[in-house]
Amino acid sequence: MIAIQSIQNRIYEIRGERVMLDMDLAALYEVETRILNQSVKRNIKRFPEDFMFQLSTAEWQNMSSQNVTTYPGNNPSSQFVMMDLPKNRAGKYLPYAFTEQGVAMLSGILNSDTAINMNIAIMRAFVAIRRLTLNQMDLKEQLQEIKERLGEHDVQLNQIYDAMENLMDEKIAQKKWDDRERIGFKK
């Protein structure tokens, strides 16, 4: 479970895709980033653009400036901005981002026991994130349904209020009619 949480912390959303960066994958597979990227380039046909893409300079700078990690001290709510992403990656050395399918494809080119076991853990992390997202979508739908019901209740309550007001107006009008000064013959 700890391994899956560690992996989930390394899954980013870039260009609307959940991805892992080459350096994170290399660390998990216990190989150098350079070796991982060389293996990918030797098997580039396995990695179309929807499996792997290179980050732009702006995307990389944005990630580097926003990387926040929780401090493992006594106060779990305290956060420090940590610049643990390498800054010396520029130009042609910008990191590669691998989608879930790209990570699955890596299992075919990296055959060490560590890589295989880590790939299984990574796939489980992606599945866990997908489940969490589906649960959130389900909750959003339920909240929307409750909101619509409350809106219907408001309309119904307004109708009841209006009906009560009309009844009160009729009673007041009837009382005024009964209390009016009579003209004509009196008994």
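None of the values given here were measured: they were computed from a predicted structure. Residue numbers run consecutively from 1 along every chain, following the written order of its sequence. For a predicted model such as this one, the threshold for reporting local features is a pLDDT of at least 70, and the threshold for listing and counting side-chain atom pairs is 80 or more; totals across whole chains, interfaces and linings nevertheless cover every residue. Note that the side-chain values use all heavy atoms of the structure and ignore hydrogens as well as water.

> I'd like to hear about unusual backbone geometry, residue by residue, with values.
Positive phi, normally seen in glycine, also occurs at Arg15, with a value near 55°. Strands here are runs of E lasting at least two residues and helices are runs of H or I lasting at least four, both read from the DSSP assignment and numbered beginning at the N terminus. Note on placement: Arg15 falls in the loop between β1 (11-14) and β2 (17-21). One non-glycine residue, Glu30, lies in the positive phi region at around 60°. Relative to the elements of secondary structure, Glu30 occurs in the loop between α2 (22-29) and α3 (33-42). When accessible area is computed with a 1.4 Å probe and restricted to protein chains, residues below 20% of their type maximum are described as buried, those above 50% as exposed, and intermediate ones as partly exposed. Residue class for Glu30 comes out exposed when judged on its relative accessible area of 63%.

> Please give an account of the sheet that holds β1 that cites residues and values.
Strand order in this open sheet of four strands is β1-β2-β6-β3, and the pairing throughout is antiparallel. If you trace the sheet from one side to the other, it starts and ends with β1 and β3 (52-54), each paired once. In this sheet, neighbouring strand axes are inclined to one another by 40° on average, regardless of whether the strands run parallel or antiparallel. We treat two strands as partners when DSSP finds at least two bridges between them. Bridge count for β2 against strand β6 (residues 96-99) is three bridges, and the pairing is antiparallel. Looking at the pairing, Val19 lines up with Thr99 of β6. What makes two residues a contact is simply this: any of their non-hydrogen atoms within 4.5 Å. Every axis corresponds to a line fitted to the C-alpha atoms, with the helix fit spanning only the stretch in contact, and the corresponding angles, defined between N-to-C directions, vary from 0 to 180 degrees. Packing against the sheet, α2 makes contact with β1, β2 and β6, and its axis sits at approximately 60° to β2.

> A description of the packing of α2 against helix α6 (residues 113-179) should follow, citing residues and the corresponding values.
When two helices pack together, their arrangement is given by the angle between their axes and by how far apart the axes lie. Packing of α2 against α6 brings their axes to within 9 Å, and their N-to-C directions diverge by 125°. Between α2 and α6, the angle is such that the two are oblique. When α2 is examined against α6, the residues Leu25, Leu28 and Tyr29 are found in contact with a partner set consisting of Thr114, Ala115, Met118, Asn119 and Ile122. Partitioning the contact of α2 with α6 into residue classes produces six nonpolar, two polar and no charged. Geometric relationships in this document are graded by angle, where less than 35 degrees denotes roughly parallel, more than 145 denotes roughly antiparallel, 65 to 115 denotes roughly perpendicular, and other angles denote oblique. In the scheme used here, Gly and all other residues not listed as nonpolar or charged are polar, with Ala, Val, Leu, Ile, Met, Phe, Trp, Tyr, Cys and Pro taken as nonpolar and Asp, Glu, Lys and Arg as charged.

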